[in-house]
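Overview (structure and organization)
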Amino acid sequence: MAYTVPKLKSFSAAALDKAAEKLLAALKQESAAVKTEADWKSFRDRWVGRKNGVLTEINELWLKAASKDAKREVGQRVNELKAAVTQAVDESRQGAATAVIRAGVSVKASSGAVVATLAGPESLDITLPGIRRPLGSEHPVIRTMHEIVSVFRNLGYSVEEGPVIETDYYNFEALNFPPNHPARDTQDTLFIARQESKPQRERLLLRTHTSPVQIRTMEKMKPPVRIVIPGKVHRNDPPDASHSPMFHQVEGLAVDANITFCDLKGTLDHAMKALFGSSVKTSFRPSFFPFTEPSAEMMVSCFICGGSGKRGSEPCRPCKQTGWIEILGCGMVDPNVYGFVDYDPKKVSGFAFGMGADRIAILKYGVDDIQLFFNGDVRFLEQFG
Ligand SMILES: [Zn+2]
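The following refers to the structure shown. (Residues numbered from 1 in each chain as written. Predicted model: local features only at pLDDT ≥ 70, side-chain atom pairs only at ≥ 80, totals over all residues. Heavy atoms only, no water.)

**Observations concerning the overall build of the protein chain**
- Helix and strand counts for the protein chain come out as 13 helices and 13 strands.
- Seen along its three principal axes, the alpha-carbon backbone of the protein chain occupies a region of about 90 × 60 × 40 Å.
- Scored against the burial criterion, the 385 residues of the protein chain give a buried share of 40%.
- Of the contacts made within the protein chain by residues no fewer than 6 positions apart, 65% connect residues no fewer than 24 positions apart.
- Accessible area of the protein chain: about 21200 Å², with a carbon and sulfur share of 52%.
- Computing the positive centroid from 49 side-chain charges and the negative centroid from 45, the protein chain places the two 6 Å apart. (Helix = DSSP H or I, 4+ residues; strand = E, 2+ residues; numbered from the N terminus. Buried < 20%, exposed > 50% of the residue type's maximum accessible area, 1.4 Å probe, protein only. Contact = heavy atoms within 4.5 Å. Areas by Shrake-Rupley, 256 points an atom, 1.4 Å probe, with all protein chains shown as cover. Lys, Arg positive; Asp, Glu negative; His and termini not counted. Charge placed at Lys NZ, Arg CZ, Asp CG, Glu CD.)

Written as structure tokens, this is what we have:
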């Protein structure tokens, strides 16, 4: 016959012990009968169900019915029974219900004496391995971003972040992009839908670079400014081995009196040595960005082949056998940009740089497809744990 929670005639220790013993015996029997998921569900509902579960019943029939004097004693037993029942329900789900019962769920009287023990014929073997819970770890791209950020933090830079959904003003206009610059095209930029009625500068988009944070920071902070900006950005690129519509950048900005291109070169050369090893060399070649003038692309000597272009007799793929890897874009902040943030271009100067964290992670870890980072395949990600 199925167990039902009895009303207690007496709340004496002996009566409580007896009632607890019966309840635990029923718990043991019923949890042992759990074989399937459906069994377990009805087992769970019967014991811990909010409406008519056994736990609810002992609360009503035992705890609430107890006299003021007996409340403490009864409350303690009820709590112990609750723990035993909850544990049995949890364990039976993992097919391990019997382990708990075998190990012996005991309920102690207030005197400390064990009043009911459900020891089965087998005892618990404590030398068996436990259930290992896998620990998470940093995603390789996030780890790379943290490494880059910490290099600049050590140089006294502070970290700034900004919104991923930006306005055209911060993403383009204040960064000196001319009105019809191709980057504003929907071919390149993901715009939020139904913005056509707004003036262009207020239209919302997914930021295409972390540079808007430079503007936002200069708006609220007077020079000297030394910041590093890690963040997620989006472009309208179909996914392939080297492109993803979502990727990560780390950008930096330094503005002060008398900052020169020498400071830019020295800072970035130091950063690359800190990131890739003290033997890497850096090289700059002219480039163009709307918000810097002059602009440059920086290359580092290939840290995979040591600049030789070869790995043994094989050609070095990451540097395309050139011995150099293009790693970031940089330049002196265009004086026009200062006009947007109320800085005096006659008094201050500065440099900015930006790099793709995913690309650096790809090079660092020898990954050949950027999609692997974002597919969420644990087998791939586990390798970096
Ligand atoms: Zn190489």
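Next comes the rest of the description.
**Details of the packing of helix H6 (residues 140–153) against helix H11 (residues 357–365)**
- Contact geometry of H6 with H11 gives a least axis separation of 9 Å together with a crossing angle of 100°. On the basis of the axis angle, H6 is roughly perpendicular to H11. Residue-level contacts link Pro140, Val141, Arg143, Thr144, Met145, Glu147 and Ile148 of H6 to Ala357, Asp358, Ile360, Ala361, Lys364 and Tyr365 of H11.
- Classifying every residue of the contact of H6 with H11 by side-chain character gives 8 nonpolar, 1 polar and 4 charged. (Axes fitted to C-alpha atoms, helices over the stretch in contact; angles between N-to-C directions. Parallel < 35°, antiparallel > 145°, perpendicular 65-115°, else oblique. Nonpolar A, V, L, I, M, F, W, Y, C, P; charged D, E, K, R; others polar.)

**Structural notes on the side chain of Gln214**
- In this structure, Gln214 sits in helix H8 (residues 212–220).
- When near neighbours in sequence (up to four residues on either side) are disregarded, Gln214 contacts Ile227, Ile229, Glu251, Gly252, Leu253 and Ala352.

**Remarks on the sheet that holds strand S3 (residues 158–159)**
- Strand order in the open sheet made by the 7 strands is S3-S6-S7-S13-S12-S9-S8, with mixed pairing throughout. Sheet topology places S3 and strand S8 (282–289) at the edges, where each strand pairs with a single neighbour.
- Bridge count for strand S9 (residues 292–301) against strand S12 (residues 324–333) is 8 bridges, and the pairing is antiparallel. Following the sheet pairing, Glu297 is matched in S12 by Gly329.
- The strands touched by H6 within the sheet are S3, strand S6 (225–234), strand S7 (246–256) and strand S13 (349–356), with S7 carrying the most contacts at an inclination of about 5°. (Pairing = 2+ DSSP bridges.)

**Some remarks on the environment of Ile370**
- Within the fold, Ile370 resides in the loop between H11 and helix H12 (371–374).
- Counting along the chain gives 130 residues from Ile370 to Asp240, while the straight-line C-alpha distance between them is 7.6 Å.
- Ignoring anything within four residues of it in the chain, the contact list for Ile370 reads Asp240, Ala241, Ser242, His243, Ser244, Asp358 and Ile362.

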